[in-house]
Amino acid sequence: MNKIASFTVNHIDLLTGVYVSRRDKIGDVVITTFDLRFTRPNLEPPMDNPGIHTIEHLVATFLRNHPVWSEKTIYFGPMGCRTGFYVILAGDLESKDIIDLLREAADFVLAYEGEIPGYSPRDCGNYLDNNLSLAKIYMKKYKEEVLDNPVQERLVYPE
């Protein structure tokens, strides 16, 4: 059986970053999957579910309401390993193409106050598993390490 693409990434040398994970063509449209790596795999502790869950609710809401990117947003959600998120966007894109969008999303999370979107038993299958303070800690770290200084080694997978 062939390894899936995400299992071929060199996780030993992987930094926090914004990486193109894959590109797929559906009809005439290219969709790009990005690996938004918030923690260093196997070196830093994985993120806790309540913070991940809150980032998922906030960033998915932000993207699906963005004036430019809403119609290009296919998916935003966490990685099973709890070291980051995947965002899938319509278009043949590079990491540098979405840095400004990710900065906007980070600023949205960091400034967010009030009830988390989808925070109800009707709207979410595990609504009590949210933590806005923890989400802000994770997002602040990611913004400072990656988005405020998007250097090449944080935009292209290591060999």
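Residue numbering note: each chain is counted from 1, following its sequence as written. Local features are withheld for residues below a pLDDT of 70 in this predicted model, meaning they are given only at 70 or higher, and side-chain atom pairs are given and counted only at 80 or more; totals for whole chains, interfaces and linings count all residues. Working from all heavy atoms in the structure, the side-chain values ignore hydrogens and water.

Caption draft 1: Layout of the packing of helix α2 (residues 99-111) against helix α3 (residues 132-147). Close contact between α2 and α3 brings their axes to 9 Å; oriented N to C, the two are set at 150 degrees. In this view, α2 runs roughly antiparallel relative to α3, as classed from their interaxial angle. Handedness of the α2/α3 crossing: left-handed. Facing α2, whose interface residues are I99, L102, R103, A106, D107, V109, L110 and A111, α3 presents A135, K136, M139, K140, Y142, K143 and L147. Between N-to-C directions, angles cover 0 to 180 degrees, with each direction set by a line fitted to C-alpha atoms, over the stretch in contact for helices. The helix count covers DSSP runs of H or I at least four residues long, the strand count covers runs of E at least two residues long, and both are numbered beginning at the N terminus. In what follows, roughly perpendicular refers to angles from 65 to 115 degrees, roughly parallel to angles under 35, roughly antiparallel to angles over 145, and oblique to any angle outside these ranges. Two helices cross in a left-handed way if the nearer one is turned anticlockwise from the farther one by less than a right angle. They cross in a right-handed way if the turn is clockwise. Contacts are assigned to residue pairs with any non-hydrogen atoms lying within 4.5 Å of each other.

Caption draft 2: Quick peek at the nonpolar core. Counting residues in each nonpolar core, the largest one holds 36 residues, and the members touching the most others are V18, F34, L36, F38, I55, I98 and Y142. Elements represented by at least two residues in this core include exactly β1 (17-26), β2 (29-37), α1 (49-64), β4 (84-90), α2 and α3. Looking at which element gives the most residues to this core, the answer is α3, with eight residues. Here, the term nonpolar core denotes a set of buried Ala, Val, Leu, Ile, Met, Phe, Trp, Tyr and Cys residues that are joined through side-chain atoms within 4.5 Å. Classification of residues uses two cut-offs on accessible area relative to the type maximum, computed with a 1.4 Å probe and protein chains only: under 20% is buried, over 50% is exposed, and between them is partly exposed.

Caption draft 3: Quick peek at the pattern of salt bridges. Criterion for a salt bridge: a side-chain nitrogen of Lys or Arg within 4 Å of a carboxyl oxygen of Asp or Glu. Enumeration over the complete set of coordinates arrives at 13 salt bridges. Note that K143 is salt-bridged to D107, the shortest N-O span being 3.0 Å. With K143 in helix α3 and D107 in helix α2, the pair connects residues that are 36 residues apart, well separated along the chain. Taking relative accessible area as the criterion, K143 reaches 17% and is therefore assigned buried. Among the residues examined, D107 registers a relative accessible area of 37% and is labelled partly exposed. Taken together, the salt bridges that share partners define one network made up of R23, D92 and E94.

Caption draft 4: Quick look at the sheet that holds β4. Taken in spatial order, the four strands of this open sheet run β1-β2-β4-β3, and their pairing is antiparallel. Whereas interior strands pair on both sides, the edge strands pair on one side only; in this sheet they are β1 and β3 (73-78). On average, each strand axis in the sheet is inclined to that of its neighbour by 15 degrees, with strand direction left out of account. Two elements, β3 and β4, share five bridges in a ladder whose sense is antiparallel. Bridge assignment links F76 to a residue of β4, and that residue is V87. Here α1 sits on the sheet in contact with β3 and β4, set at roughly 170 degrees to β3. The criterion for strand pairing is that DSSP finds at least two bridges linking the strands in question.

Caption draft 5: Geometry of the packing of aromatic side chains. Stacked, edge-to-face and tilted labels apply to pairs of Phe, Tyr and Trp rings (six-membered ring for Trp) whose centres lie within 6.5 Å, assigned for plane angles under 30 degrees, over 60, and everything in between, in that order. Following the criterion strictly, the structure yields seven aromatic pairs and no others. With 5.1 Å between their ring centres and 15 degrees between their planes, F76 and F85 make a pair best called stacked. For F76, a relative accessible area of 6% gives the class buried. Linked through ring pairs, F38, F76, F85 and Y142 together constitute an aromatic cluster. In this scheme, Lys NZ or Arg CZ marks a charge over a ring once it lies within 6 Å of the ring centre and within 35 degrees of the ring normal. The positively charged end of K72 is found above the aromatic ring belonging to W69, 5.0 Å away from the centroid.

Geometry only, nothing functional implied.
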